[in-house]
Amino acid sequence: MADMPDNDDLTRMPPEGDAHAELVQRLRVLLYARPLLQLRRNEAHRQQGHLAHYDLLVIALKIFDLVVENTGLDEEMSGERLLPHLVPILKVMDEGAGVTPSSGRHREVVQAVLDWLLNERERRAPFQEDYLAVTSTEAVRRTLEFRLIDTQFQGEDVVLRLTDPGVNLYLSALDIDIESAQAATEAVLESQVRRGKLESAMGTAKAARAQSIQYQQKIEGILHQTTRDLRSVDWKRAVPDLLEEAYEHTALRRTTETNILTATNERLDRIEYGGADARRLTDIGALVQDCFERHVRLQGMVMSARGVFLDAQEAQEFKPRRSGVLPNLQNDVLIPLMRMPAVEADKVGVRMAQALHGPLVPRLFALGDYLEWAMQPRREVGVAASPVVSRELSDLSLDLLHFPDDIREEGDAWLLRQREPVLLSDLLPNLHADGRTDALREYVALRVLNLYAPETETLIPVIVERMDERFTACGFAGHDFVVHSFEQEDHA
Amino acid sequence: MPDYYEAGRLIQFGLRPTVHPNQNTEYRELVERAQDDRGFWAIVRDVSYGMGLETIALNRHGVRFRPLDGSVFAMSIADIRDINPASAQGADDRLIGFLIDVAICALIYPRPQDLEEDAERPRPPISLQEVEDMLRGLCSRFEASFREEPDPETHHLENRLYDAWLAYHRRYADKETESGQRGRHGTVRLIESHLEFMVNQGLFARQGSRYQPLYAYQIHVQTGVASDLVAIVQGLETDEAEIEEVV
């Protein structure tokens, strides 16, 4: 969930028109980058010699990249899924320092960076940066609180999301409001596509998608905040103005995105089919289409936003019941409970357990079910009661298999041997260099695709993750994949 | 009649701890109906209230309830015994369990302002050892002042008038049995039982050796349980003070 621009934060800003307002704003912008710069100077990292050759800042920005790329997809990026995507750049850093790649070390460095970005040291509390806010009349020391990466529930999984400051850092656009940044990016993108600057356009299209996600989070954040605590959002003036602006903004974005898609298709018609430019244009088109669909959904959400406010008014009872002062659970509850006489703590504890555990459904006695269970004949459990007769097994499948068993076994064994993460683009040339047959290479390539999105139950303990980069090798082309056998973890 | 039937279905889904609207089309449709149709939602709330359940949330995570005082859905002594049947024979076992429940909550919400955070934002996962360290650390603090006190009177021990922390302090943390298993009565094993019980209740998810609090746990604690706990403790302290005054 994106961090909300809470009212307190806004009132901390110098009044508009103050000579020093811009100075304070720029100071705050700089402070957002401080946790990342601290990461680079991290003392603990320096002391741990075996991680010293990794550039933590690069890893952090790559994590930002992966989180943005996966936001809004069915399966968003989680802490556990980061590693395979980071392996290629970690290997490059290993090779640059003459160090043998190690999956254990890779896991350690990725976890260290993620822990830092989530501020695990402070149990995920926001980062706090002190600064001196100078206005025309006073100088006050203030504290800026913010998160760069946040977590959110996706079912029972916990996924990563960039916050507003996180996305702005990622897009190098900390001092520009998101609406202006989005308009500028899409204008640049349209110009780049029309002029055929496709390599630059690809990066711009990714930025446009990230900004559309950020903008969506901003609007969703306001609506979510409304349902959480109606009083924290100004529905008299600020929000209606913002929604009206949002409606116009999304309408404008859709027009621009339609223009970009038209320009993309026109250029696609003029160039050679299947070439590198065609692939780039297709990818740009997909990114812009994603922005377009996001804005269509957002516009619908904005149009029905008034209902959110009315529903929230109706459902006031869902607001957390807040006492005047929030308790410190250790000092105000646990310690007094531990200092009580045991006999009293026992009585109090029952009420606490009832409060902490939520509803438990009592099991009811059903006479019919009980009688049925009681009347069942007793099962004989004899060792030799049912002798197992060995049978001749035969393959009853009517499907003709393209690859014979020996190719399948050899290909699976090859994949299982990949104890360190390896790219498919490296694996195929390795097979070729090893003198393996074309059929085996074809099987391995198809098997990797099958393991990425399995349709049958013939699975082997190999993790396959899709990369953003594309490759062309040994007659194969398309998205690259990281392949990693986890048989070794079982042994460990 | 169909409204009441569907209200009953929605309440039933809300009471199934591990069912999520994402996994069940009927549940998702009922949640959407309750969000859109205020008349239907009023029926759900009234019926559940009559059953002894207060509604605390209705959103993409489903419908969430809290048992009212004296509700048939409130945890009973028998339920507490079920958390770890092998070790819940003595009164001290149960008391240690209560300390563990509160310590888990205090570990997940170390600062008062954490209780005010959005319940949609997952709190960091916890481990068995972190809960154990927290309780042992507090016991060590109390022990320092306890050493200077005279030996407890015999009737204090018989009537369990010793401090509750001593029950935890005297219990071993972990002991390996002859078969290589974790001892049933050790505090680490008890912490594990409590967390596993909450996993089965859909309040936590296991993540390797750590336990991730889920939305169901977070919304439950953040919508009033924390202040209820303080009220329970303070209520008793007030009573004690009154008794002392009378004496």
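Our structure's up above, just so we're on the same page.
Each value, and the rule that gives it
Within each chain, residue numbers correspond to sequence positions counted from 1 in written order. Chain letters start at A and ligand numbers start at 1, both assigned in the order the entries are written. Only residues with pLDDT of at least 70 get local features here, since the model is predicted, and only at 80 or more are side-chain atom pairs given and counted; chain-wide, interface and lining totals rely on the full set of residues. Water and hydrogen atoms were dropped before computing side-chain values, which therefore reflect all heavy atoms in the structure. DSSP calls a pair of strands paired once it identifies at least 2 bridges connecting them. Helical segments are the DSSP runs of H or I of at least four residues, strand segments are the runs of E of at least two, and each set is numbered from the N terminus. Lines fitted to C-alpha atoms define the axes, with helix axes restricted to the stretch in contact, and inter-axis angles between N-to-C directions lie between 0 and 180 degrees. Convention used here: angles under 35 degrees read as roughly parallel, angles over 145 as roughly antiparallel, angles from 65 to 115 as roughly perpendicular, and any remaining angle as oblique. Crossings are sorted by hand: turned counterclockwise from the far helix by less than a right angle, the near helix makes the crossing left-handed, and turned clockwise it makes it right-handed. Whether two residues touch is decided by their heavy atoms; if any such pair falls within 4.5 Å, the residues are in contact. Three classes are used, and their members are as follows: Ala, Val, Leu, Ile, Met, Phe, Trp, Tyr, Cys and Pro are nonpolar, Asp, Glu, Lys and Arg are charged, and the others, Gly among them, are polar. We define buried area as the total accessible area lost by two parts upon association, computed with a 1.4 Å probe and summed across both. By definition here, a salt bridge exists when the distance from a side-chain nitrogen of Lys or Arg to a carboxyl oxygen of Asp or Glu is within 4 Å. Polar contacts, as used here, are pairs of N or O atoms within 3.5 Å; protein pairs need one atom able to donate a hydrogen and one able to accept it. Residues neighboring in sequence count only if both atoms are side-chain atoms.

1. Quick word on the sheet that holds strand β4 (residues 204–207) of chain B
Spatially, the three strands line up as an open sheet ordered β3-β5-β4 (chain B), and their pairing is antiparallel. Each edge of the open sheet carries a strand with a single partner, namely β3 (126–127) and β4 of chain B.

2. Details of the sheet that holds strand β6 (residues 462–473) of chain A
Residues and elements named next belong to chain A. One open sheet holds the three strands; their spatial order is β5-β7-β6, and the pairing between them is antiparallel. Each edge of the open sheet is held by one strand with a lone partner, namely β5 (422–423) and β6. By the bridge criterion, nine bridges tie β6 to strand β7 (residues 476–485) in an arrangement that is antiparallel. If you follow phenylalanine 471 over to β7, its bridge partner there is glycine 478.

3. Observations regarding the packing of helix α6 (residues 82–96) of chain A against helix α7 (residues 103–118) of chain A
Residues and elements named next belong to chain A. Orientation of α6 relative to α7, taken along the N-to-C sense of each, is 110 degrees, at an axis distance of 10 Å. With respect to α7, the axis of α6 lies roughly perpendicular. Handedness of the crossing formed by α6 with α7: right-handed. Residues Leu82, Leu83, Leu86, Val87, Leu90, Lys91 and Asp94 of α6 form the contact with α7, whose participating residues are Arg105, His106, Arg107, Val109, Val110 and Leu114. For the contact of α6 with α7, the class distribution of residues is eight nonpolar, one polar and four charged.

4. Concerning the interface of chain B and chain A
Listed per partner, the contact involves 96 residues of chain B and 62 residues of chain A. Both faces considered, chain B and chain A share a buried interface measuring about 7200 Å² in area, 62% of it formed by carbon and sulfur atoms. When the buried surface of chain B facing chain A is broken down by residue, Met75(B), Arg121(B) and Ile232(B) rank first, second and third, together holding 9% of it. Across the pair Arg339(A) and Asp163(B) runs a salt bridge, and its minimum N-O distance is 3.8 Å. Summed over the shared surface of chain B and chain A, the result is 15 residue pairs in polar contact (both at pLDDT 80 or more). In terms of residues, the side of chain B that touches chain A owes the most to one element, helix α10 (residues 215–246) of chain B, which gives 19 residues. Per-class residue counts for the side of chain B that touches chain A are 57 nonpolar, 16 polar and 23 charged.

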